[in-house]
Amino acid sequence: MPEAPLLPGATHLHSGKVRDLYELQDGPHDGHLLMVASDRISIFDFVLASTIPDKGEILTRMSLWWFDQLADLVPGHVVSTDVPASVAGRAVVCERLAMFPIECVARGYLTGSGLLDYAATGEVCGITLPGGLVDGSRLPEPIFTPASKADLGDHDENVSYAAVEATVGAETAATLRELTLAVYARAEGIARERGIILADTKLELGRRLDAAGTVVLGDEVLTPDSSRFWPADAWTPGRPQASYDKQIVRGWALSPESGWDRASGEAPPPLPPEVVERTRSRYVEAYELLTGERW
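Residues numbered from 1 in each chain as written. Predicted model: local features only at pLDDT ≥ 70, side-chain atom pairs only at ≥ 80, totals over all residues. Heavy atoms only, no water.

## Quick notes on the overall build of the protein
On a plain count of helices and strands, the protein comes out with six helices and 17 strands. In terms of overall size, the protein behaves like a compact globule, its C-alpha atoms giving a radius of gyration of 19 Å where 295 residues would be expected to give roughly 19 Å. A principal-axis box enclosing the C-alpha atoms of the protein has dimensions of 60 × 50 × 40 Å. Buried positions account for 49% of the 295 residues belonging to the protein. Look at the contacts in the protein between residues 6 or more apart in sequence, and 61% of them connect residues 24 or more apart. (Helix = DSSP H or I, 4+ residues; strand = E, 2+ residues; numbered from the N terminus. Rg over C-alpha atoms; globule rule 2.2 N^0.38 Å. Buried < 20%, exposed > 50% of the residue type's maximum accessible area, 1.4 Å probe, protein only. Contact = heavy atoms within 4.5 Å.)

## Quick notes on the side chain of T145
Here T145 shows up in the loop between strand 12 (138-144) and strand 13 (147-148). Note on T145: relative accessible area 0%, which makes it buried.

## What to know about the sheet that holds strand 2 (residues 19-24)
The strand order 1-2-3-7-6 describes an open sheet built from five strands, whose pairing is antiparallel. Each edge of the open sheet carries a strand with a single partner, namely strand 1 (10-15) and strand 6 (78-80). Neighbour-to-neighbour, the strand axes of this sheet turn through a mean angle of 40°, independent of strand direction. Strand direction decides the pairing type here: strand 1 and strand 2, joined by five bridges, are antiparallel. Across the sheet, residue H14 finds its bridge partner in strand 2, namely L21. (Pairing = 2+ DSSP bridges. Axes fitted to C-alpha atoms, helices over the stretch in contact; angles between N-to-C directions.)

## Some remarks on the pairing of strand 15 (residues 196-208)
Most of strand 15 is tucked away, with ten of its 13 residues classed as buried. Strand direction decides the pairing type here: strand 9 (residues 102-109) and strand 15, joined by four bridges, are antiparallel. Paired with V105 across the strands is K202, a residue of strand 15. Two elements, strand 15 and strand 16 (residues 215-218), share four bridges in a ladder whose sense is antiparallel.

## Comments concerning the packing of helix 3 (residues 161-168) against helix 4 (residues 170-193)
Axis separation between helix 3 and helix 4 bottoms out at 7 Å; the angle between their running directions is 125°. For the element pair helix 3 / helix 4, the angle class is oblique. The two elements helix 3 and helix 4 cross, and the hand of that crossing is right-handed. Contacts between helix 3 and helix 4 pair Y161, V164, E165 and V168 from the former with A170, T172, A173, A174, L176 and R177 from the latter. When the residues that make up the contact of helix 3 with helix 4 are grouped by side-chain class, the tally is seven nonpolar, one polar and two charged. (Parallel < 35°, antiparallel > 145°, perpendicular 65-115°, else oblique. Left-handed = near helix turned anticlockwise from the far one by under 90°. Nonpolar A, V, L, I, M, F, W, Y, C, P; charged D, E, K, R; others polar.)

## Focus: unusual backbone geometry
The backbone of F44 shows a phi angle near 50°, a positive value even though the residue is not glycine. With respect to the helices and strands, the residue F44 is situated in the loop between strand 4 (40-43) and strand 5 (46-51). For D219, which is not glycine, the phi torsion reads 60° and is therefore positive. Here D219 is to be found in the loop between strand 16 and strand 17 (227-231). On the accessibility criterion, D219 (25% relative accessible area) is partly exposed.

Right, dumping it as structure tokens:
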């Protein structure tokens, strides 16, 4: 992980695979958090040495657009986009929340870790699914498939709904499931109107530090880093789908061209320029198709 940049009037608190988090100490937003999206990219729990130009700004602008689309369902954590000039366009001022220790995942299609669980047990997160499903199958209805939050470098692990209830309580677990599925339903419909399938998405939810303990949507939302978006006209169950995310990078890293041995424990090598540009183009394409705005 590269060191987070120093920002005047802000104290660095934490860095994730893509985002750097600060506490603001000056001005009208004193005490609020500053979340900065970098151009870093990660695959297989490695943060790569290569970056994807404009990725942080694309993720930020896309999240802001989605927060607006979801405002009547759940409040978002964004307080302001008035941020230091050095991180303009890729940062937001946000509320300090008590985040739930659960990754809130909704799936409308079977793929990824859900497909692996289904192949082994016929279930995903304790939910029994019909037989005969394949990679890319549409589920009879969207399902809530939570995961535990892993430390940087570790894998999130799918957990049962009962485990969520044991962690946050039955009432809160029901709220998280309801909100996650409501957000997925809204976003899936919007994406479908634009010729895109939203296969699944991961949300970060937390409580506002007020008397009501209001549940708030935080972090990023419905970006190619937190969701699987597929071109609807190319959807063909039974094989991996074309996607608007970093699958290009994963594919290259696993190809003979990269020379990388995943079992070695070493990080993948730097990306070739053409892989960087193709990946950037996919992020831009997803942004433009979903929001209707030109990059």
